[in-house]
Amino acid sequence: MFKKILTRLSYRKGLELFVRRPVVVILAISVITLLFGWQIPRLSFKTSVYDLQIEDLAETTRYEDFKKLFGSDEIIRVVVKADNVFDKLVFEKLTELSETAAKIEGVRRVISLPEIKKAVDIAGSWSHEKFYTVVSAAALFDKNLVSADRKTTALTLVLKNDADQESVIGSVNEMIAGSSPDLSIYQIGMPLVSQALAYFTEKDFLRLPPITFAIIAIVLFILFRKIRLLLLPLVCVTLALAWTFGLMALLDIPLSMLTMIVPVFLIAVGTAYCLHIVSEYVACSREADSPGDAVLDAFTSVSFPTLLAVMTTIIALGSLLLNRITTIREFAVFSCFGMFSILIIVLTFFPAILTLLPLKREEQNIETPRFTERVIEGIINLNLNRQAIVLPLIAVFTLFCLLGMLRIRVETNPVGYFKDETPVKRHFDDIYKDLSGSFPVNVVMAYKEANYFEDPKHVADIARLQKFLETLPGVDKTISFADYMMLVNYALNQFDAKYYTLPEEGFEVRMVINNFATMLGQDMYDRFMKSDMSKANIVLLTHISSSSDFLKLRERILSHVAQDFSKDIDWDVTGFGISISASSHQLTSGQIKSLSITMFLVFGIMFILFLSSKVGLIAI
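Within every chain, residues take consecutive numbers counted from 1 along the sequence as written. Predicted model: local features are reported for residues with pLDDT of at least 70 only, side-chain atom pairs are reported and counted for 80 or more only, and whole-chain, interface and lining totals are derived from all residues. Only hydrogens and water are removed before side-chain values are computed, so all heavy atoms of the structure are retained for them.

Colleague: Even after reading the chapter, I still don't get the overall build of the chain, so can you show me in this structure?
Modeller: Across its full length, the chain carries 24 helices and eight strands. Here the globule rule is a power law, 2.2 Å times the number of residues to the power 0.38, and the radius of gyration is based on C-alpha atoms. Radius of gyration (C-alpha) of the chain: 32 Å, far over the 25 Å computed for a compact globule of 620 residues. Along the first, second and third principal axes, the C-alpha atoms of the chain reach 105 × 50 × 40 Å. Categorising residues by exposure relies on relative accessible area from a 1.4 Å probe, with only protein chains included: less than 20% of the type maximum marks a residue as buried, more than 50% marks it as exposed, and the intermediate range marks it as partly exposed. Looking at the chain residue by residue over its 620 residues, the buried ones come to 51%. Going along the chain from the N terminus, every DSSP run of H or I of four or more residues is numbered as a helix, and every run of E of two or more is numbered as a strand.

Below, the structure written as structure tokens:
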């Protein structure tokens, strides 16, 4: 009863108006489409791994606090390969590269072999072999700046907090393009991963919708074998896409890694709704005397099921608004708007334009293809006559799938998004074979009182922790204030290898600290130690990209320090990898909430419509 009242009172009168005034309806929809379409040229792309980060998450907040204290840990590593990086001619080319990189807008510091040589060989009188002897005795540089075989080195570009990463990457590419062809050079780092994601997202956005349109057009032609019955559903979906992207452009929201899925989703779902309507229209046109009669009969019959299907889809998509990841919420908003647009267009524009098209006798005799008919008959026969077989099979398969759900892993691996042959994937896999990985993790040691790390024992604790950290899976190299203290001590004692150690007396520590900023620069000091010496930062260079591996690494570190170090020290393991990994694991709770709400609402709708809990249970 409710269905009949809603169908006849709410839509029938409007439908009659659309049939009597089809041109007005078509013009109204065209004007709305023009207004939205006018905005589409403003649509932009902005895709990166940062889209998966939850801004108000505790891990994200701690990471932002870390950057305020120690500066950005975003790095780009320019990897250079040659027969011998300490060869005079090669080293001169490295020097040119380092100087060029230092001038790039957004680069806070360049850490490279030439920069180290400038710092330790002030007079510039050392031979390259002598410099190699000095460098090879310092463990700090091993797998950090130079490989064991002397054939690979890296220029580490530490970026400013407000750096335009796209601009920096572009400038580095120009630098590489203008370098000597004798050198093999590439750049890698999280900014490169983000750029690659943006490139492939834009490429897929421009490629996938036309492919989807083409496939659906072929299917529609096979089903109806009439061009106009093929084109009308695609026109309706295209109008809905124009409304959706026009709204995105109007609100100045760029396409992201998730919202680029919206067009393919709308094409697939929207065409399916149109397909039901076209099928009903063809059936009604066999007995109708005019196009208007066929439209009235068809849309009176299918309007309510279409409304119900669209609303349940919107409910399901809308439940994603509970998710804390911004890009997922954007996907939910514009998918819902797209579905609403399809509903409006299908129930107004579609009947209006069908009213203007003449009934064709050959269309009235369209039959279901024989193969399709046989398949459908077979399914119906199974449903009606083989329930004792079908239902147990479905139950077993469902149980199997439910068991499989227990094996689902929450994972965000941005490098894993790419095929093996893509440059970013190849470079990520290549760098840590000779040097160390390019994804940093930061371990922060904090004490409540100042000057804590002036005590030699506490500096030794940093080095002791580093030995453990370098045994962890995925960690290739650790760098800390203690490493640079050993380097300064080494330099103050004329680069005698036996002095590449930590100072053991308080006065020695103070002497090294006093010379630290002079020799290496204040920014290097600030990157690893707070000015009052109450907080120290240990940088882990890793080749980890998996969210689960990042979180396992954090767990193992915090578990170890809780057992082996003073309870008075506060610890944090942070970095972009940790932040995005923690964000990705919020997907689980978000999906459970979304699914629960969707099932509850769908059950409620079906119960209200049919006053049957069985129907509600079957629906969900």
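Here the narrative resumes.
Colleague: I'm lost on the pattern of salt bridges in this one. Help?
Modeller: Opposite charge on two side chains permits them to pair, given that their charged atoms come into close proximity. The working definition used for a salt bridge is a side-chain nitrogen of Lys or Arg within 4 Å of a carboxyl oxygen of Asp or Glu. With the rule as written, the count across this model stands at 15 salt bridges. Note that Asp434 and Lys81 form a salt bridge whose closest N and O atoms lie 3.6 Å from each other. Placement of the pair is Asp434 in helix H16 (residues 423-434) and Lys81 in strand E1 (residues 75-81), with a sequence separation of 353 residues. For Lys81, a relative accessible area of 23% puts it in the partly exposed group. Between Asp420 and Lys425 there is a salt bridge, and its shortest N-O distance comes to 3.6 Å. Among the charged side chains, a network of salt bridges with common partners joins Lys81, Asp430 and Asp434.

Colleague: How should the nonpolar core be read in this particular structure?
Modeller: Nonpolar side chains tend toward joint burial in soluble globular proteins. The criterion is simple. A nonpolar core is a set of buried Ala, Val, Leu, Ile, Met, Phe, Trp, Tyr and Cys residues joined through side-chain atoms within 4.5 Å. Core analysis: the biggest nonpolar cluster contains 117 residues, and Leu157 and Leu465 have the highest contact counts within it. No other element matches the nine residues that helix H18 (residues 481-492) contributes to this core. The residues contacting Leu157, other than those within four sequence positions of it, are Glu74, Ile75, Ile76, Val78, Ala101, Val107, Arg109, Val110 and Val172. Within the second largest apolar cluster, 72 residues are counted, among which are Leu43, Ile54, Val237 and Phe245. The contact criterion used throughout is that any non-hydrogen atoms of two residues lie within 4.5 Å.

Colleague: Would you mind showing me how to read a negative patch on the surface here?
Modeller: Patch definition: residues above 30% relative accessible area lacking any salt bridge, with like charges linked at up to 9 Å and the nonpolar side chains Val, Leu, Ile, Met, Phe, Trp and Tyr linked at up to 5 Å. Methods summary: accessible areas were calculated by the Shrake-Rupley approach with a probe of 1.4 Å, and residue burial reflects only the protein chains presented. Residues counted as positive are Lys and Arg, residues counted as negative are Asp and Glu, and His and the chain ends are not counted. To locate a charge, take atom NZ for lysine, CZ for arginine, CG for aspartate or CD for glutamate. Taken together, the side chains of Asp83, Asp87, Glu92 and Glu96 make up a negatively charged region of the molecular surface. Along the chain, the position of Asp83 falls in the loop between E1 and helix H4 (88-102).

Colleague: What should I look at first to understand the sheet that holds strand E5 (residues 439-446) in this one?
Modeller: Strands pair in a sheet through their backbones, by hydrogen bonds, and they do so in one of two ways: parallel or antiparallel. Overall, antiparallel pairing links the four strands, which are arranged E6-E7-E5-E8 in an open sheet. The strands lining the two open edges of the sheet, one partner per strand, are strand E6 (475-479) and strand E8 (570-574). Taking the axes of each pair of neighbouring strands and ignoring which way they run, one obtains an average angle of 20 degrees across the sheet. Criterion used throughout: strands pair if DSSP finds at least two bridges between them. Relative to strand E7 (residues 535-542), E6 is paired through four bridges, and the arrangement is antiparallel. Within E7, the residue paired with Lys477 across the bridge is Leu541. Interaxial angles span 0 to 180 degrees and are taken between N-to-C directions of axes, which are lines fitted to C-alpha atoms, for helices over the stretch in contact.

Colleague: What exactly am I supposed to notice about a nonpolar patch on the surface here?
Modeller: Together, Leu399, Leu402, Leu403, Met405, Leu406 and Ile408 line one region of the surface with nonpolar side chains, adding up to about 670 Å² of accessible area. Tracing the chain through its elements places Leu403 in helix H15 (residues 387-405).

Colleague: Just checking my understanding: could you explain the state of the cysteines for this structure?
Modeller: Any cysteine sulfur atom paired with another within 2.5 Å is treated as part of a disulfide. Going through the model one piece at a time under the given rule, you end up with zero disulfides. With no disulfide of its own, Cys274 lies 4.7 Å from the sulfur of Cys236, the closest cysteine sulfur. There is no disulfide at Cys284, and the cysteine sulfur nearest it, in Cys274, is 16 Å away.

Colleague: Would you explain the pairing of E8 in this entry?
Modeller: The side chains of a regular strand alternate, first on one face of the sheet and then on the other. Across the five residues of E8, four count as buried, placing the element largely inside the fold. Examined bridge by bridge, E5 and E8 share five bridges and lie antiparallel to one another. Residue pairing for E8: Met445 is matched across the bridge by Trp571.

Colleague: Help me understand the sheet that holds strand E3 (residues 152-159) in this model?
Modeller: With antiparallel pairing, the four strands of this open sheet are ordered in space as E2-E3-E1-E4. Looking at the sheet topology across the chains shown, the edges are occupied by strand E2 (107-111) and strand E4 (184-188). Going from strand to strand, the sheet's axes swing by 20 degrees on average, the running direction of each strand aside. For E2 and E3, the ladder comprises four bridges, and the chain directions are antiparallel. Along E3, the bridge assignment pairs Ile111 with Thr156.

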